Amino acid sequence: MDAIITARETQMDDLINKLEKKYSKIKFEESDKFYWSPSKEIVYYNSSTKDIDSSKWALLHEVGHALLQHKGYDQDFILLRMEVLAWEKAKKISKKFSVKIDEDHIQDCLDTYRDWIYKRSLCPKCSTISLQNNKDNKYRCFNCSSVWQVTSSKFCRPYRTLVK
Ligand SMILES: [Zn+2]
Ligand SMILES: [Zn+2]
């Protein structure tokens, strides 16, 4: 067994043990990516990633969502708000676990979301930036009146399906 991989997994296990002790209501389960499932109340994590620091940060971020009891979202701007809040929570709790979250990493992650939301808001026909309707969550183009919907999963690409 690779010694570096072992050391990495030990560090992650250590942090998860501490998190489990502190937040006994949250369950943790190994997965291929980091995410929070509000329906199962499980934080999924991946301990076999290359970068141990960003793994710890991702784990604390998902715990942030869990502690804030974030549920599924329909609207893109709410998602962005939830991301900001989860990082703020992660920063707050990170001190208890002697983890220092890099501010640039947080901004990079938020930029990725902003970019993702921006792409979803572009009209697939004429590329005008449009607003999401708060009733049906579809986007409507002011310019050519196209209507499109976006996938609700944040793990998906900014997929746009033209409705009209
Ligand atoms: Zn998040
Ligand atoms: Zn358009």
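Structure: above.
Residues numbered from 1 in each chain as written. Chains lettered and ligands numbered in written order. Predicted model: local features only at pLDDT ≥ 70, side-chain atom pairs only at ≥ 80, totals over all residues.

Quick look at the sheet that holds strand β2 (residues 35-37) now. Here we have three strands laid out as an open sheet, ordered β1-β3-β2, and mixed in their pairing. Both outer strands of the open sheet, β1 (27-30) and β2, are each paired with one neighbouring strand and no more. With strand direction ignored, the average angle separating the axes of adjacent strands in the sheet is 25 degrees. The pairing of β2 with strand β3 (residues 42-45) spans three bridges and is antiparallel. Residue S37 lies in a different strand from β3, and its bridge partner there is I42. (Pairing = 2+ DSSP bridges. Helix = DSSP H or I, 4+ residues; strand = E, 2+ residues; numbered from the N terminus. Axes fitted to C-alpha atoms, helices over the stretch in contact; angles between N-to-C directions.)

Turning next to unusual backbone geometry. The backbone of S98 sits at a positive phi, close to 50 degrees, despite the residue not being glycine. Relative to the helices and strands, S98 resides in the loop between α3 (76-94) and α4 (103-121). Residue class for S98 comes out exposed when judged on the 8 C-beta atoms lying within 10 Å of it. Although it is not a glycine, S127 adopts a positive phi angle of roughly 65 degrees. On the secondary structure map, S127 appears in the loop between α4 and β4 (131-132). (Buried ≥ 20, exposed ≤ 12 C-beta atoms within 10 Å, placed from the backbone.)

What follows concerns the pairing of β3. Only one face of β3 is covered, namely the one carrying V43 and Y45; the face carrying I42 and Y44 has none of its residues buried. Both β1 and β3 contribute to a ladder of four bridges, which runs parallel. Along β3, the bridge assignment pairs K27 with I42. Between β2 and β3, which pair antiparallel one after the other, the connecting turn spans four residues, and E41 there sits at a positive phi close to 55 degrees.

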